[in-house]
Each structure stands twice: as structure tokens, then as C-alpha cells.
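The chain contents come next:
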Amino acid sequence: MIDPMSNSKRINNSMRPSPETVIRPEIMALQSYHVADATGMVKLDAMENPYRLPQAVLDQLSAVTITAEINRYPDPQALALKAMLRQSLQIPDQLEILLGNGSDEIIQMLIMAVAKPGAVVLGVEPAFVMFKMISVLCGARFVGVPLDTEFNLDLDVMLAVIEKESPQLIFIAYPNNPTGNLFDSERIERVIAAAPGLVVIDEAYQAFAEKTFMDRLSQYPNVVLMRTLSKSGLAGLRLGVLVGARVWISAIDKLRLPYNINVLTQLTAAKVLAHESLLAEQAALLRAERTQLYLALQTIAGVVVYQSAANFLLFRIADATTVFNRLKDQGVLIKDLNGSHKALVNCLRVTVGKPEENAQFIAALRASIY
Ligand SMILES: *Cc1c(COP(=O)(O)O)cnc(C)c1O
């Protein structure tokens, strides 16, 4: 019998491989992306669409699921799904489509594609945290330009930083998360014109903004556009879309792992999109609810609420973290942004829910201020 401890090649304790000696220090220093437990809560923290699909559509999904060949790899190009997306997102014929397992995966492909030593990714702050986090993961240097006091692009600073840093990649979310506003489109055009690299316009909230760069995309040689089905109703399927000229899309596609869009997502997303107006109607309901929620927040003394073109509202309130915890104690989960950035001191973010959920939130908020 062999005693493993008598092995002369046994590793001395001080030499034992550990995460600290093996994994890159910038990864060890990262906080993992935190998702709060929402069991039993009114869930207004993650910009999900609160509405389920009609029973007839759910029955169709269950029928395609039964016939799905899950013993086979999926279509690596997801051609049927892309055709549905082209129609439903009104993607011009001359532009190509790349799909991701959520747009998070597309952000990762884009950054991996440019992350040579010394590469710079430019974004604004505050913005969607994944732009910075994935840059760090990929070894690119992220530079965040602060927004102006109205949460708009600070054009002078932006142009100066572009000049100084020559970023390979610039991310602009339109509308922006977590501020909810649409940046001035002329300022975006100035950034595009000044950019020495690729500009990514992230339209995750397009269904609620009804504004897009899609129809202008072919005018710019250095812009790609991102969409996702997550915020408009299919968060659980994980499907992100990148649209752009063939030269860009075919280069980025080399980073895509084969079969990244699974069989069930391909079949069910296509089936939902076949019901043309379904998600659009839900988005319209949520836009109307957003107005109601905005007005309700405005009536509460001490609350400053910001205009939003997305399916969430950002607001400022004294002792935001205390208020956030009191809401949670009453079973309402929103997002506490206090402490995440200096422009977001005492800011909270609430996703627009169903009318009854929004009413519960407003009642709990009133009860939390004393
Ligand atoms: C939510 C969000 C995404 C990520 O969406 P997924 O497709 O679910 O990965 C991307 N960009 C912005 C600005 C977002 O708010």
C-alpha cells in the first residue's frame, strides 16, 4: 500500500498552489457580481418584465420544448432565430447579426477582442457595471468619464479623454443604466466622430425608450449596436443581439464559443417573437405605468425622482440605505445604489412593475419615511 504522505515529491505547505499564487491579482481583488435573494419578495430590483406570457403562447412553448432535440447540438448559427430577430427588431438587410448568451456575453466578446496589452476601454460613470468589470476580467484598462450634473455626456471631457487615451472600445448605453436617461444624440455623434476605435451603443432598454441608432447605423463605419430580450420579457432565456457591418461582426464572431445559444432558447425565443406585438404591448403597458410611478414618487416629500426612458426610475432620498432596508423588511426589493458611485449618493433604483406591485412599493416607501 502506498502512503501518499511518504511520497518524496509531496508538496511542502509553503509551496502549495493557492488562488493567491495562481490567479491574477486583479481577479482576486474583484467582488463577485452580487444578486440579492428575492424569494417571496415584490421583485423590483432587476429590470425584469413582470408580465408572464398568455397561456396560449405558453402552450406553444411547451409543445416546441417537447419536440426539441436536446440530444443534439443546437444550430451553431441560430439561423431561424436570427431571421425572426431581423424582422422583429427591424434590422436592415445589409447589417449582420451576432447572438450572445445575454448581452453580457457579447460585452465579453467585444472586450476580449480588443484586450491586447495596454488596451483601453472607455465608458461613462455611473453606467452599467459590466463594462468595467469585464474589462478588468479581460486585462483591459477601463477609463470611466463622469457624466455631467444632469447625467448627460460631458462632451468636452469625453473628447479630451478620447484624445489622450485612444480607446479601442467605447461603451454608451442608450438609455443609460442606472440613470435611465437618453444622452443627447448629437453628443453621441460627436463621440462617434472622434473615436479612433469601435463604439458600442447598448440599447438594452430600447423597448421603453422608442429611440434607436439602428436606422443610422450604416452611416457610421465604427459603430455596432447591442440589444437584449432580457428587459422586454425573456430574461430567463438569456439572449443578446449584436448588430453591425459584416467586417466587425465576422471579426467578433471568432471569439464566440460554438453553440453559445442553446436549443431551448433558440426555439422558444423564435416562438415568442412570432407573436409580433406581444412583447411590444407589454412594453407599452410598462411605459404607461412608468409615468404613474413617476408621478406617485413626485408626490412624496423628500423624494427627487429623475426622468427615465427605461423600465426603471432612479430617485434620491435622505438615508437611502435605511429606506432600502425598511422596504426590504416590508417585502419590497429594489436596488440600493448608495455608495456605488459619488454621483449616486442616497440614490435608489426601482424597476417598473405591475400596477399592484408599484402600489405596494409606494405604500411601503411612504411607511419607510419617518
Ligand atoms: C441589463 C443590461 C444589460 C445585460 O443584459 P443581458 O442581455 O441580460 O445580459 C446590458 N446592458 C445594460 C445597459 C443593461 O442594463
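Structure first, text after, so check above.
Residues numbered from 1 in each chain as written. Predicted model: local features only at pLDDT ≥ 70, side-chain atom pairs only at ≥ 80, totals over all residues. Heavy atoms only, no water.

A. Highlighting the overall build of the protein chain. Per the secondary structure count, the protein chain includes 15 helices and 13 strands. Its C-alpha radius of gyration of 23 Å places the protein chain within 12% of the 21 Å reference for a compact globule of 370 residues. Dimensions of the protein chain along its principal axes, counting C-alpha atoms only, are 75 × 55 × 50 Å. A burial count over the protein chain gives 47% of its 370 residues as buried. Taking the intrachain contacts of the protein chain between residues at least 6 apart in sequence as the baseline, contacts between residues at least 24 apart amount to 71%. Accessible area of the protein chain: about 18600 Å², with a carbon and sulfur share of 54%. (Helix = DSSP H or I, 4+ residues; strand = E, 2+ residues; numbered from the N terminus. Rg over C-alpha atoms; globule rule 2.2 N^0.38 Å. Buried < 20%, exposed > 50% of the residue type's maximum accessible area, 1.4 Å probe, protein only. Contact = heavy atoms within 4.5 Å. Areas by Shrake-Rupley, 256 points an atom, 1.4 Å probe, with all protein chains shown as cover.)

B. Up close: the side chain of Asn-152. Along the chain, Asn-152 turns up in the loop between β4 (141-146) and α7 (155-165). Within the structure, Asn-152 has its side chain in polar contact with the backbone nitrogen of Asp-184 (distance 3.2 Å). The residues touching Asn-152, leaving out its near neighbours within four places in the chain, are Leu-147, Asn-181, Phe-183, Asp-184 and Arg-187. (Polar contact = N/O pair within 3.5 Å; in protein donor to acceptor, adjacent residues only side chain to side chain.)

C. Broad picture of the nonpolar core. Residues Leu-81, Leu-85, Leu-99, Leu-153, Met-158, Ile-170 and Ile-188 are the most contacted members of the largest nonpolar core, which totals 57 residues. Each residue touching Leu-81, except ones within four places of it in the same chain, is listed here: Leu-99, Leu-239, Ile-261, Thr-265, Gln-266, Ala-269, Ala-270 and Leu-273. The next biggest cluster of nonpolar side chains, apart from the first, holds 34 residues, and it includes Val-42, Ala-204, Phe-312 and Ala-320. (Core = buried A, V, L, I, M, F, W, Y, C linked by side-chain atoms within 4.5 Å.)

D. A nonpolar patch on the surface, seen in detail. Residues Val-22, Ile-23 and Met-28 make up a contiguous nonpolar surface patch of about 260 Å² in total accessible area. Considering the arrangement of structural elements, one finds Ile-23 in the loop between α1 (19-22) and α2 (25-28). (Patch = residues over 30% accessible without salt bridge, like charges linked within 9 Å, V, L, I, M, F, W, Y side chains within 5 Å. Salt bridge = Lys/Arg side-chain N within 4 Å of Asp/Glu carboxyl O.)

E. Expanded view of the packing of aromatic side chains. Throughout the structure, instances matching the rule amount to seven aromatic pairs. On the basis of an interplanar angle of 80° and a centroid distance of 5.0 Å, the ring pair of Tyr-174 and Phe-213 is categorised as edge-to-face. Highlighted residues: Tyr-174 in the loop between β5 (169-173) and α8 (185-194) and Phe-213 in the loop between α9 (206-209) and β7 (223-228), separated in sequence by 39 residues. When its relative accessible area of 0% is taken as the criterion, Phe-213 is described as buried. Every member of this aromatic cluster is reached through a ring pair, and the members are Phe-128, Phe-131 and Phe-171. We note Arg-216 situated over the ring of Phe-213; from NZ or CZ to the ring centre the distance is 4.1 Å. (Phe/Tyr/Trp six-rings, centres within 6.5 Å; stacked < 30°, edge-to-face > 60°. Lys NZ or Arg CZ within 6 Å of the ring centre and 35° of its normal.)

F. Inspection of the side chain of Asp-45 at higher detail. By the secondary structure assignment, Asp-45 is in the loop between β1 (42-43) and α3 (55-67). At 2.8 Å, the side chain of Asp-45 and the side chain of Lys-43 are in polar contact. With sequence-adjacent residues up to four places away left out, Asp-45 is seen in contact with Leu-333, Ile-334, Lys-335, Arg-349 and Thr-351.

G. Here's a closer look at the sheet that holds strand β2 (residues 96-100). Here we have seven strands laid out as an open sheet, ordered β2-β8-β7-β6-β5-β3-β4, and mixed in their pairing. Each edge of the sheet is formed by a strand with only one pairing partner; in this case those strands are β2 and β4. Each neighbouring strand pair of the sheet contributes to a mean axis angle of 25°, computed without reference to strand direction. Contacting β3 (120-125), β4 and β5, α7 crosses the sheet at an angle of about 160° to β4. (Pairing = 2+ DSSP bridges. Axes fitted to C-alpha atoms, helices over the stretch in contact; angles between N-to-C directions.)

H. Layout of the site of the ligand. Inspection of the region around the ligand gives Gly-102, Ser-103, Asp-104, Phe-128, Asn-177, Asp-202, Ala-204, Tyr-205, Thr-228, Ser-230, Lys-231 and Arg-238 as its neighbouring residues. At a separation of 3.0 Å, an oxygen atom of the ligand approaches a polar backbone atom of Asp-104. Within the side chain of Asn-177, an N or O atom sits 2.9 Å from an oxygen atom of the ligand. Bound to the protein, the ligand loses 94% of the 390 Å² it would expose on its own. When residues of the shell around the ligand are traced back to their parent elements, those giving at least two are α5 (103-114) and α10 (230-234). A class-by-class count of the residues in the shell around the ligand yields three nonpolar, five polar and four charged. (Near = heavy atom within 4 Å. Nonpolar A, V, L, I, M, F, W, Y, C, P; charged D, E, K, R; others polar.)

I. Structural detail: the sheet that holds strand β10 (residues 312-316). Ordered in space as β9-β10-β13-β12, the four strands form an open sheet in which the pairing is antiparallel. Looking at which strands have only one partner, the edges of the open sheet turn out to be β9 (304-305) and β12 (335-336). By the bridge criterion, two bridges tie β9 to β10 in an arrangement that is antiparallel. Within β10, the residue paired with Val-305 across the bridge is Phe-315. Across the sheet, helix α14 (residues 320-329) is in contact with β12 and β13 (347-351); its angle to β13 comes to roughly 35°.

J. Layout of α14. The complete set of buried residues in α14 reads Ala-320, Val-323, Phe-324 and Leu-327. Looking down the long axis of α14, one finds its buried residues gathered within 105° of arc, a one-sided arrangement. Lining the buried residues of α14 we find β11 (332-333), β12, β13 and α15 (355-368). (Arc of directions from axis to C-beta.)

K. Fine view of the environment of Ala-78. Within the element layout of this structure, Ala-78 appears in the loop between α3 and α4 (79-88). As for Ala-78 and Ala-270, which are separated by 192 residues in sequence, their C-alpha atoms are 9.9 Å apart. The residues contacting Ala-78, other than those within four sequence positions of it, are Leu-99 and Gln-266.

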